[in-house]
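Results of the structural survey
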Amino acid sequence: MYNFVGKSSLLTLIISLLLVHPVAAEDLSMPEIHATVAVQSEFYFGENDTTLGYQVPGNKFTIRYAAIELKGELEKYVEYNLEIGSASCVGPGIGIIRMEAGIFFKPFDFLKAGIMQGHILRGFELGEECMDVLTAEKPRFSKTLAPCHPTGAVMKLNYSFTEATGISAEIAYLNGQQKGTFDEEHDMNLGLIFHTPISGLSVGGFHSDIEQDFEYDGKIDKASRTGFGFNYDAFNVHLRGEYYLGKGFSSSYPDVTSEDLEMRMFYIEGGYKWQTGITAITYVEPYVMYQSWDKGYNVEGDQKYTYITTGLTLGLGSPNTKLRIDYETPIDSPPDTYDEAGRLIIRIQGGY
């Protein structure tokens, strides 16, 4: 997934060389520079369960995300991107790292192919940056379903039939999650989104074929991921929902192997953005998300966890500066399991 900037990386080296390589002025444009910073407080509400070994996380301040991204063209038919920074979802104590990078050959405006590290088109929610989704955080099952920033060969298609309709498609052949190579493991993904004639409405889905050693026994297991859903974003209304089916996960169930373990997940969310006309607080956007995660769909008994998230986003003076107040609470869990704590996030994030 992520690699330290200090480690040798062929992809980063290529980008660095290309950035300093002399190119004719008419062929080289200045890169776009994007910067995003998000800081937050996290508060947890619940009780420890000493019998089952559950301890409520401690309250803390966090630099949730801080990164700088460069995007531009090296030649008429070559474009690049490079993002470095830090994010708490990578893990505690992780410093400045390379978060995304890529070089693409773009023979047509609607088609490009290259090698990249970054988000893959696995539907709507999983294909977006964490800072750009409606809620403060993506659904809990996101990382179990797919890695955030894999590396591999990618071909992207974005074609418009009319001003309202078009398709976005992506084919990716990615390194495996454990060894970071594609010799034995791999992650192949096909994603497709159709932008409908209805303003703001898109539908789409994806399918991933995965080979990975889930049992850590030296034998490669087969796995798959499939998802489909819709996204509506128009007239200040945001609605989104997706359903996922997966087979092949690390299993702790004695009667089901990792290769056979199946999961089912879905979420549905909605929000409405009120424009206030006030300079200091430009908009107010309340939202709600419901999510369900069946961690053992083919395991005997109930293995389903459900959560609800409610929140409020305030625009602070500009479209790129926000105050988020986000509360997620568990609704239901299987019998004889501990009650998870609720989580309150108060975040300020800004971008340039």
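Before reading further, recall that the structure is shown in the block above.
In this text the structure is predicted, and so the values were computed from the model without any measurement.

A short note on the side chain of Glu 129
- Along the polypeptide, Glu 129 turns up in the loop between strand E6 (111-117) and helix H2 (142-145).
- Buried and unpaired, Glu 129 has no salt bridge, with Lys 138 as the nearest side chain of opposite charge at 6.7 Å.
- At 3.3 Å, the side chain of Glu 129 and the side chain of His 119 are in polar contact.
- Apart from the residues lying within four places of it in its own chain, the contact partners of Glu 129 are Tyr 65, Glu 83, Glu 100, His 119, Lys 138 and His 149.

Quick notes on the pairing of strand E12 (residues 237-247)
- By the bridge criterion, 11 bridges tie strand E11 (residues 221-234) to E12 in an arrangement that is antiparallel. Bridge pairing in E12 places Phe 228 opposite Tyr 243.
- In sequence, E11 turns back onto E12 through a hairpin of two residues, with Phe 235 there showing a positive phi of about 55°.
- Bridging between E12 and strand E13 (residues 262-272) involves 11 bridges; their strand directions are antiparallel. Across the sheet, Glu 242 pairs through a bridge with Tyr 267, a residue of E13.

A short note on a nonpolar patch on the surface
- The grouping of Phe 108, Phe 110, Tyr 159, Phe 161, Phe 194, Val 203, Phe 230, Leu 239 and Ile 268 at the surface amounts to a nonpolar patch, some 780 Å² of accessible area in total.
- On the secondary structure map, Phe 110 appears in the loop between strand E5 (97-108) and E6.

Rules used throughout
- Residues numbered from 1 in each chain as written.
- Predicted model: local features only at pLDDT ≥ 70, side-chain atom pairs only at ≥ 80, totals over all residues.
- Heavy atoms only, no water.
- Helix = DSSP H or I, 4+ residues; strand = E, 2+ residues; numbered from the N terminus.
- Buried < 20%, exposed > 50% of the residue type's maximum accessible area, 1.4 Å probe, protein only.
- Lys, Arg positive; Asp, Glu negative; His and termini not counted.
- Salt bridge = Lys/Arg side-chain N within 4 Å of Asp/Glu carboxyl O.
- Polar contact = N/O pair within 3.5 Å; in protein donor to acceptor, adjacent residues only side chain to side chain.
- Contact = heavy atoms within 4.5 Å.
- Pairing = 2+ DSSP bridges.
- Patch = residues over 30% accessible without salt bridge, like charges linked within 9 Å, V, L, I, M, F, W, Y side chains within 5 Å.
- Areas by Shrake-Rupley, 256 points an atom, 1.4 Å probe, with all protein chains shown as cover.

Just geometry here; none of it tells us what the structure is for.
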